Amino acid sequence: MFPKNAWYVACTPDEIEGKPLGRQICGEKMVFYRANEGRVAALEDFCPHRGAPLSLGFVENGRLICGYHGLAMGCEGRTESMPGQRVRGFPAIRSFPVVERYGFIWVWPGDAEQADPALIHHLEWAENPAWAYGGGLYHIGCDYRLMIDNLMDLTHETYVHASSIGQKEIDEAAPSTRVDGEEVITERHMEGVMAPPFWRMALRGNGLADDVAVDRWQICRFTPPSHVLIEVGVAHAGHGGYHAPAQHKASSIVVDFITPESDTSIWYFWGMARNFKPDDQALTDTIREGQGKIFAEDLEMLEQQQQNLLRHPQRNLLKLNIDAGGVQARRILERLVEAERPGASALIASA
Amino acid sequence: MFPKNAWYVACTPDEIEGKPLGRQICGEKMVFYRANEGRVAALEDFCPHRGAPLSLGFVENGRLICGYHGLAMGCEGRTESMPGQRVRGFPAIRSFPVVERYGFIWVWPGDAEQADPALIHHLEWAENPAWAYGGGLYHIGCDYRLMIDNLMDLTHETYVHASSIGQKEIDEAAPSTRVDGEEVITERHMEGVMAPPFWRMALRGNGLADDVAVDRWQICRFTPPSHVLIEVGVAHAGHGGYHAPAQHKASSIVVDFITPESDTSIWYFWGMARNFKPDDQALTDTIREGQGKIFAEDLEMLEQQQQNLLRHPQRNLLKLNIDAGGVQARRILERLVEAERPGASALIASA
Amino acid sequence: MFPKNAWYVACTPDEIEGKPLGRQICGEKMVFYRANEGRVAALEDFCPHRGAPLSLGFVENGRLICGYHGLAMGCEGRTESMPGQRVRGFPAIRSFPVVERYGFIWVWPGDAEQADPALIHHLEWAENPAWAYGGGLYHIGCDYRLMIDNLMDLTHETYVHASSIGQKEIDEAAPSTRVDGEEVITERHMEGVMAPPFWRMALRGNGLADDVAVDRWQICRFTPPSHVLIEVGVAHAGHGGYHAPAQHKASSIVVDFITPESDTSIWYFWGMARNFKPDDQALTDTIREGQGKIFAEDLEMLEQQQQNLLRHPQRNLLKLNIDAGGVQARRILERLVEAERPGASALIASA
């Protein structure tokens with residue numbers, strides 16, 4: 001249950017450097033590779049000759065060569081040549097719209113005609129040199145919506161991430177959630193608290209005292225199909241919190257691109273973008289390492305939660321105020337999935 | 001296929017020391033933990049908030065705290081509190097009757113109203129300081145009845161445990177089986193044999209010559225749902241065997257509590273209780289280590305036997321005299337399971 | 001989908017040396033062991049007593065003893081004895097026709113009455129002292145027909161084995177395929193090429209220059225159910241290629257016995273027979289090691305191809321000229337399987 005007419009993050013450029021990459025996205029086995037002139041291509045991972053996975057092959061002169069019998073595949077899914085064969089009648093394989101932007105490869109698993117690159121959200125931090133970004137990738141055995149729930153309710157930081165970014169005051173500050181078109185925003189503000197370890201590190205990294213009270217904020221923004229960007233930060237208390245001038249705060253954007261592999265597994269691209277010391281690669285590495293450890297703490301919880309839900313498919317879960325972000329995100333997703341159903345399309349077409 | 005209205009060994013106290021334990025018993029995912037005043041609780045391992053496993057949480061002030069969003073669960077399955085929430089309307093989760101006794105935590109997976117702690121058999125060796133006990137736990141992929149069969153027919157010692165407790169004479173001594181109410185007793189006596197390695201060690205541990213002929217006995221007692229206690233021992237030959245005075249023999253009780261996890265997997269609590277040198281911890285450790293190695297020899301046989309039976313569900317197995325203990329135990333189990341069927345209960349209720 | 005009335009290679013003699021071997025062949029769990037007077041027996045791997053796998057037992061005085069309770073099984077599947085039991089009424093288990101020949105144990109998983117040892121092909125290289133043989137065994141997760149396809153179309157060497165036996169000229173030499181009764185022959189000849197690394201090694205091993213142009217050949221011979229023997233070699237160019245006198249060439253027979261374990265897994269017995277330096281054991285070992293590495297390169301491709309085909313069962317694969325060997329082999333296999341269907345047998349019986 002996921003929209004297919006949407007842009008998902010498929011991989012990062014380093015993953016297709018010098019060789020093709022096989023990856024299942026939204027139930028489709030795909031192969032990604034870099035073709036001529038730097039263009040990225042995404043095809044069905046199935047050689048039309050004998051069904052071998054093209055991802056076990058290699059790229060030569062911008063063409064994907066099947067590693068079994070040498071069939072040369074073009075970017076559009078049409079066989080270009082094969083040693084000793086006439087290939088004109090070979091059946092085509094599916095190609096998927098793909099865009100390289102913002103440091104990621106984006107793929108559209110659904111109807112290619114609707115794949116408009118302009119639908120990819122603008123990501124200021126990915127293009128502006130005043131920002132630095134570092135991140136990673138986890139494979140997790142859960143429905144992508146469980147990860148959206150996780151990120152739209154940061155209450156869990158107090159428990160899952162008790163030793164790094166969690167603190168008791170998160171619990172105590174009620175979040176507020178609002179829906180703005182297809183965006184869901186959940187925010188939470190804590191005033192006059194002591195920063196937890198991760199943020200003390202960030203304050204120090206930003207040249208600020210780490211042993212004084214701070215105002216802390218978390219503003220989670222969900223956009224379909226499954227992107228959650230979270231503005232997070234702390235400011236020395238009394239300077240305006242989220243709105244404090246730059247010299248009083250350390251802030252950043254937690255970046256979460258969640259790509260369904262199947263109904264119960266995801267590729268989770270996580271990272272952090274910051275607009276301080278953007279040229280400090282050592283700081284980027286330190287933050288990435290810290291974030292990687294923190295986000296790894298969620299894995300077992302999410303996977304076991306998924307197993308529990310599979311065992312009890314009819315059981316209703318609670319929808320508390322802290323769950324509102326996830327609940328609203330699911331509503332939007334349900335509408336999108338509904339709109340993709342054949343009947344729905346016909347209705348739109350006839351309207 | 002197992003009775004649910006019965007006391008099963010769930011775990012040992014060390015397994016819930018300082019943290020909750022998640023364990024599936026008779027098909028039910030449970031969480032065990034030590035609550036206030038030393039009381040042990042057993043609950044469904046499912047947080048009513050979002051389905052997270054409570055066993056990934058922690059215990060605070062005697063309450064089980066969900067490790068995801070901090071819901072505090074009470075021993076009866078009712079949510080006691082949750083940060084920022086009114087919890088009165090939260091659905092309860094199931095709690096299971098649980099008793100700590102004889103060094104084990106016992107759980108009743110069935111109808112709580114019938115859970116009478118007095119139904120747990122008295123275990124003299126567990127309370128009398130003249131006895132010492134050591135044991136362990138194995139997870140095995142087989143129907144619990146295959147393990148009952150195994151323990152009620154010690155003929156297998158000759159083959160599976162040839163190098164430790166097995167000896168040819170076991171084969172040659174025909175066992176006798178009788179049923180006494182819900183107890184099944186299979187016994188076998190061998191006279192004037194040489195003790196196998198394990199028993200030579202026990203004789204030496206007991207200060208007795210290990211190079212003389214002995215009389216050896218095995219008296220297996222099955223009681224529902226799946227407990228097999230086996231009186232085993234050797235006495236210097238000619239002193240009365242099982243009935244010989246203490247100074248001529250080395251004897252002990254093999255303790256087997258078999259707890260179904262699923263239809264084809266078990267938690268197997270094994271151990272040995274002895275009434276000689278009860279304060280000799282080094283001897284306890286030596287015996288436990290030896291027994292652990294011996295009982296590990298059964299694992300592959302049981303798991304592959306299970307796989308064979310799953311492949312051939314209709315094939316009838318033989319029921320020889322040596323199998324009588326297991327056969328009788330299965331009859332009792334079938335009656336108990338039958339009595340738990342809804343129709344059967346109604347019949348009892350209307351009678 | 002495989003013929004059952006056929007001789008398959010089950011194992012090699014070293015695999016049953018001193019202990020029984022459990023192995024599934026054509027969907028049947030079997031146990032192989034060496035009985036009295038060197039005779040090999042193959043039985044269902046299921047003890048009639050309690051379903052334990054007999055392969056966990058041992059052989060004593062030529063009888064297979066169940067490792068659980070000591071039942072002694074005879075070569076024909078009839079229980080011979082059991083400690084303390086009368087066994088005359090015990091149900092028999094299935095025994096399979098088995099022949100030891102040419103350094104392999106051959107089994108007939110189908111109708112025993114049709115199992116004529118004369119149906120095993122004569123293998124000259126296995127008996128003639130002018131030949132040496134070395135080989136190994138791989139377990140691969142694919143339909144046995146995918147391995148036949150692989151071996152009947154050596155085009156793949158150019159891609160899968162690029163660094164050892166592959167070379168671009170294989171691609172360029174069109175193969176020719178013919179069917180001769182139940183044999184399918186695909187051959188390919190390349191003239192005036194440079195030998196790839198494996199063949200340069202073989203030339204040197206044969207005392208021939210490895211840096212001159214050679215004529216190379218590959219003659220693949222499929223015979224049912226799943227044996228592919230490939231005559232391969234190189235001769236210094238201009239001496240007649242395949243027909244060149246012995247002093248100008250290095251040649252050998254690639255031996256492939258493919259035994260289905262299930263519909264999607266195989267036991268793959270591979271090896272090489274050569275008629276030069278037959279007494280040079282070090283050379284045999286070197287060749288085996290090299291071949292083992294080369295053939296291991298096919299594993300991932302075949303297993304992932306299998307997964308792709310399972311995901312797309314209706315998709316038609318191409319049948320190019322290079323695929324003709326596999327296509328023709330499949331036709332013969334389909335006829336054989338069809339002939340084994342109950343209706344087909346009745347038809348034959350009534351004819």
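Rules used throughout
Residues numbered from 1 in each chain as written. Chains lettered and ligands numbered in written order. Predicted model: local features only at pLDDT ≥ 70, side-chain atom pairs only at ≥ 80, totals over all residues. Heavy atoms only, no water. Pairing = 2+ DSSP bridges. Helix = DSSP H or I, 4+ residues; strand = E, 2+ residues; numbered from the N terminus. Axes fitted to C-alpha atoms, helices over the stretch in contact; angles between N-to-C directions. Least-squares fit on C-alpha atoms with pLDDT ≥ 70 in both. Contact = heavy atoms within 4.5 Å. 1 Å grid on protein atoms, 1.4 Å probe; cavity = no way out; pocket = protein on both sides within 12 Å on 5 of 7 lines; lining within 4 Å. Points joined across faces, edges and corners; volume = space filled by probe spheres on them. Nonpolar A, V, L, I, M, F, W, Y, C, P; charged D, E, K, R; others polar. Buried area = accessible area lost by both parts, 1.4 Å probe. Salt bridge = Lys/Arg side-chain N within 4 Å of Asp/Glu carboxyl O. Polar contact = N/O pair within 3.5 Å; in protein donor to acceptor, adjacent residues only side chain to side chain. UniProt positions renumbered as here; feature names shortened; annotations may be inferred. Disulfide = S-S within 2.5 Å. Buried < 20%, exposed > 50% of the residue type's maximum accessible area, 1.4 Å probe, protein only. Parallel < 35°, antiparallel > 145°, perpendicular 65-115°, else oblique.

### As for the sheet that holds strand β17 (residues 249-262) of chain C
All names here are of chain C.
1) Next: Spatial ordering of the open sheet is given by β12-β18-β17-β16-β15-β14-β13, a layout of 7 strands whose pairing is antiparallel. Both outer strands of the open sheet, β12 (132-140) and β13 (176-180), are each paired with one neighbouring strand and no more. Neighbouring strand axes in the sheet, compared pairwise and without regard to direction, differ in orientation by 15 degrees on average.
2) Next: Bridge count between strand β14 (residues 183-193) and strand β15 (residues 214-223): 8 bridges; the pairing is antiparallel. Across the sheet, residue T186 finds its bridge partner in β15, namely C220.

### Some details on the relation of the copies chain B and chain C
1) Next: You can overlay chain B on chain C at an RMSD of 0.1 Å; the transform is a turn of 120 degrees with a shift of 0.0 Å along its axis. When the rotation and shift are considered jointly, the pair of chain copies conforms to a three-fold rotation axis. The rotation axis passes nearest to the C-alpha of G141(B) in chain B, at a distance of 14 Å.

### Overview of the sheet that holds strand β15 (residues 214-223) of chain B
Residue and element names in this part refer to chain B.
1) Next: One open sheet holds the 7 strands; their spatial order is β12-β18-β17-β16-β15-β14-β13, and the pairing between them is antiparallel. On the outer flanks of this sheet lie β12 (132-140) and β13 (176-180), each paired with one strand and no other. Adjacent strand axes in the sheet meet at a mean angle of 15 degrees, parallel and antiparallel pairs treated alike.
2) Next: Lying on the sheet, helix α6 (residues 281-311) is in contact with β12, β17 (249-262) and β18 (265-274); it crosses β12 at an angle near 25 degrees.

### Some details on the layout of surface pockets
Over the atoms, a rolling probe the size of a water molecule traces out where space has been left empty.
Residues and elements named next belong to chain B.
1) Next: Its boundaries defined by the atoms lining it, the largest pocket holds a volume of some 710 Å³.
2) Next: For the lining of the largest pocket, the secondary-structure elements that each account for two or more residues are α1 (124-127), β15, β16 (227-236), β17, α7 (324-340) and α8 (342-350).
3) Next: If you tally residues by element for the lining of the largest pocket, the top one is β16, at 4 residues.
4) Next: In terms of residue class, the lining of the largest pocket is built from 19 nonpolar, 7 polar and 7 charged.

### Digging into the interface of chain A and chain C
1) Next: At the junction of the two partners, chain A supplies 23 residues and chain C supplies 28 residues.
2) Next: Both sides together, the interface formed by chain A and chain C hides about 2200 Å², and carbon and sulfur atoms give 59% of it.
3) Next: For the chain A face of the interface with chain C, the top three residues by lost area are F46(A), R50(A) and Y68(A), together amounting to 35%.
4) Next: Taken together, the connections running from chain A to chain C amount to 2 salt bridges.
5) Next: Here R315(C) ties to E44(A) by a salt bridge, and the two come within 2.6 Å at their closest N and O atoms.
6) Next: Taken together, the links from chain A to chain C amount to 11 residue pairs in polar contact (both at pLDDT 80 or more).
7) Next: Its residues assigned to classes, the side of chain A that touches chain C shows 13 nonpolar, 6 polar and 4 charged.

### Focus: the UniProt feature "domain: Rieske" (unreviewed entry) in chain A
1) Next: The UniProt feature table records "domain: Rieske" (unreviewed entry) at residues 7-107 of chain A.
2) Next: For the annotated span residues 7-107 of chain A, helix accounts for 0% and strand for 42% of the residues, and the straight-line distance between the end C-alpha atoms is 5 Å.

### A few points about the state of the cysteines
Here is the idea: a disulfide is a covalent bond, and it sits between the sulfur atoms of two cysteines.
1) Next: Tallying each qualifying case throughout the model produces 0 disulfides over all chains.
2) Next: The thiol of C142(B) is unpaired, and the distance to the nearest cysteine sulfur, on C26(B), comes to 14 Å.
3) Next: Residue C142(B) is classed as buried on the basis of its relative accessible area, which comes to 0%.
4) Next: No disulfide involves C11(C); its sulfur sits 14 Å from that of C26(C), the nearest cysteine.
5) Next: On the basis of relative accessibility, which here comes to 0%, the residue C11(C) falls in the buried class.

### What to know about the packing of helix α5 (residues 197-205) of chain C against helix α6 (residues 281-311) of chain C
Residues and elements named next belong to chain C.
1) Next: Relative to each other, α5 and α6 sit at 175 degrees, their axes nearing to 12 Å. On the basis of the axis angle, α5 is roughly antiparallel to α6. Side by side, α5 and α6 meet where F198, M201 and G205 of the first sit next to L283, T286, I287, Q291 and I294 of the second.
2) Next: Broken down by class, the residue content of the contact of α5 with α6 amounts to 5 nonpolar, 3 polar and no charged.

### Here's the deal with the pattern of salt bridges
Residue and element names in this part refer to chain A.
1) Next: Scanning the entire structure with this criterion turns up 54 salt bridges over all chains.
2) Next: Residue R216 is joined to E157 by a salt bridge in which the shortest nitrogen-to-oxygen separation is 3.1 Å. Highlighted residues: R216 in strand β15 (residues 214-223) and E157 in helix α3 (residues 157-160), separated in sequence by 59 residues.
3) Next: With a relative accessible area of 6%, E157 lands in the buried category.
4) Next: The residue E187 makes a salt bridge to R178 at a minimum N-O spacing of 2.9 Å.
5) Next: Taking the relative accessible area as the measure of exposure, E187 reaches 19% and is therefore buried.
6) Next: Take R178: its relative accessible area is 43%, and that puts it in the partly exposed class.

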